[in-house]
Amino acid sequence: MADTLLEVDGIETCYGLSQVLFGLSLSIRPGEMVSLMGRNGMGKTTTIRSIMGLTPARAGSIRFAGAEVRQLPSYRIAKLGVGLVPEGRQIFPNLTVRENLVAAAADRFSSPNPWTLAAIYVMFPRLAERAANMGNQLSGGEQQMLAIGRALMTNPKLLILDEATEGLAPLIREEIWHCLSLLKSRGQSILVVDKNVDHLARICDRHFIIERGKTMWSGTSDQLMAEPDLQHKYLGI
Ligand SMILES: Nc1ncnc2c1ncn2[C@@H]1O[C@H](COP(=O)(O)OP(=O)(O)OP(=O)(O)O)[C@@H](O)[C@H]1O
Ligand SMILES: [Mg+2]
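About the criteria used
Residues numbered from 1 in each chain as written. Chains lettered and ligands numbered in written order. Predicted model: local features only at pLDDT ≥ 70, side-chain atom pairs only at ≥ 80, totals over all residues. Heavy atoms only, no water. Near = heavy atom within 4 Å. Polar contact = N/O pair within 3.5 Å; in protein donor to acceptor, adjacent residues only side chain to side chain. Areas by Shrake-Rupley, 256 points an atom, 1.4 Å probe, with all protein chains shown as cover. Core = buried A, V, L, I, M, F, W, Y, C linked by side-chain atoms within 4.5 Å. Buried < 20%, exposed > 50% of the residue type's maximum accessible area, 1.4 Å probe, protein only. Contact = heavy atoms within 4.5 Å. Pairing = 2+ DSSP bridges. Helix = DSSP H or I, 4+ residues; strand = E, 2+ residues; numbered from the N terminus. Axes fitted to C-alpha atoms, helices over the stretch in contact; angles between N-to-C directions. Phe/Tyr/Trp six-rings, centres within 6.5 Å; stacked < 30°, edge-to-face > 60°. Lys NZ or Arg CZ within 6 Å of the ring centre and 35° of its normal. Parallel < 35°, antiparallel > 145°, perpendicular 65-115°, else oblique. Left-handed = near helix turned anticlockwise from the far one by under 90°. Nonpolar A, V, L, I, M, F, W, Y, C, P; charged D, E, K, R; others polar.

(A) Geometry of the site of ligand 1. Around ligand 1 sit 13 residues, and of these G41, G43, K44, T45 and T46 come closest. Taking E87, its side chain carries an N or O atom lying 3.0 Å from an oxygen atom of ligand 1. Here ligand 1 loses 58% of its free accessible area of 640 Å² to cover by the protein chains.

Written out as structure tokens, the structure is:
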């Protein structure tokens, strides 16, 4: 389907003998910002790991930009244009901020307006100030900005954030949400996991709620906010 950027259809994923995803499905259209919600341990990170090929799904289909990617190694999936901001950031502690960004840079000839170091520094002035600092000298918020900047330097068609604002101070969270809405307004397609339903409802186009490895509900922000029962039942709010 040309109007779908990512189509995850009925995937099943296991860690060894322990199955975690049981026929999970979701989809993202170009330019959409979509959330993946669910209580702790329901399989959000595993879904992202399956999309990225880090923990490959053993059944189902994952189509990205028209290609079946379920069985591809993760470096090929990244190269096709999926950029990940992983849970726990995972920036290089022994590289400077600038080196972390440059190390990720990828020239995507298909990208009409590729990211540059200068453009990342405009989005996150804090990173410009910290350009010569090592990754392990950064605060949590700065690390998350760097992780986002690093993912953007690969010029992803789809940016995925696992726990976008977890563990960050309120002001820094606001900065991250602001950055995500700027990216969305530039047409960046985004899949985001976060616990803040109000923020997600404000910023995302559509939502997928998962429960024990299955998609239980999907809908728009208006539909989500109109169903407090849903939030109570599946998100524990
Ligand atoms: N490496 C692993 N080996 C075995 N089981 C795992 C592994 N990683 C996760 N699991 C299990 O898979 C299930 C789903 O975990 P997952 O991390 O995908 O959930 P999540 O929705 O991201 O949770 P959280 O909100 O806590 O981040 C959990 O029961 C978890 O214990
Ligand atoms: Mg998780």
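(B) Region of interest: the nonpolar core. Counting 46 residues, the largest nonpolar core has L161, L180 and L183 as the members making the most contacts within it. Contact partners of L183, with chain neighbours within four places excluded, come to W115, M123, L152, L159, Q188 and I190. Membership of the second largest hydrophobic core comes to 28 residues, among which are L6, I28, L72 and F208.

(C) View of the sheet that holds strand β2 (residues 18–28). As summarised here, the arrangement of the four strands in space is β2-β1-β4-β5, forming an open sheet in which the pairing is antiparallel. Because the sheet does not close on itself, it has two edges, and the strands there are β2 and β5 (67–68). Inspection of the sheet shows strand β1 (residues 6–15) paired to strand β4 (residues 59–64) by five bridges, in the antiparallel sense. In the sheet register, V8 faces β4, and the bridge partner there is I62. Helix α1 (residues 44–52) contacts β1, β2 and β4 of the sheet and is inclined by roughly 110 degrees relative to β1.

(D) Molecular detail of the side chain of E163. The residue E163 is located in the loop between β7 (158–162) and α7 (170–185) in this model. Other than its neighbours up to four places away in sequence, E163 contacts K44, E87, R89, Q144, V193, D194 and K195.

(E) Fine view of the environment of L21. Its location among the elements puts L21 in strand β2. With relative accessibility at 0%, the residue L21 sits in the buried group. Separated by 11 residues in sequence, L21 and G10 place their C-alpha atoms 8.8 Å apart. Ignoring any residue separated from it by four or fewer positions in sequence, one finds L21 in contact with I11, E12, T13, G43, T46, T47, S50 and G213.

(F) Spotlight on the packing of aromatic side chains. For the coordinates displayed, the defined rule picks out zero aromatic pairs. Positioned above the aromatic ring of F92 is the side chain of R150, whose terminal nitrogen or guanidinium carbon lies 5.8 Å from the ring centre.

(G) Local environment of the pairing of strand β8 (residues 189–193). Taking burial as the measure, the five residues of β8 include five buried ones, the bulk of the element. As paired elements, strand β3 (residues 33–37) and β8 share three bridges and run parallel to each other. If you follow V34 over to β8, its bridge partner there is L191. Where β7 lies against β8, five bridges are found, and the strand directions are parallel. Following the sheet pairing, L158 is matched in β8 by S189.

(H) Up close: the sheet that holds strand β6 (residues 82–85). Ordered in space as β6-β7-β8-β3-β9-β10, the six strands form an open sheet in which the pairing is mixed. Looking at the sheet topology across the chains shown, the edges are occupied by β6 and β10 (214–220). Recorded for the sheet is a direction-independent mean angle of 20 degrees between the axes of neighbouring strands. Inspection of the sheet shows β3 paired to strand β9 (residues 206–211) by four bridges, in the parallel sense. Of the residues in β9, the one forming a bridge with V34 is R206. Here α1 sits on the sheet in contact with β3, β6, β7, β8 and β9, set at roughly 150 degrees to β7. In the packing of helix α2 (residues 74–81) onto the sheet, the strands contacted are β6 and β7, and the crossing angle to β6 comes to about 110 degrees.

(I) Main features of the packing of helix α6 (residues 140–152) against α7. Interhelical geometry of α6 versus α7 gives an angle of 15 degrees and a closest axis separation of 10 Å. It follows that α6 is roughly parallel to α7 by the angle criterion. For α6 against α7, the interelement crossing comes out right-handed. For the pair α6 and α7, the contacting residues are G141, Q144, M145, I148 and L152 in the first and I172, E175, I176, C179 and L183 in the second. Within the contact of α6 with α7, the residues separate by chemical class into seven nonpolar, two polar and one charged.

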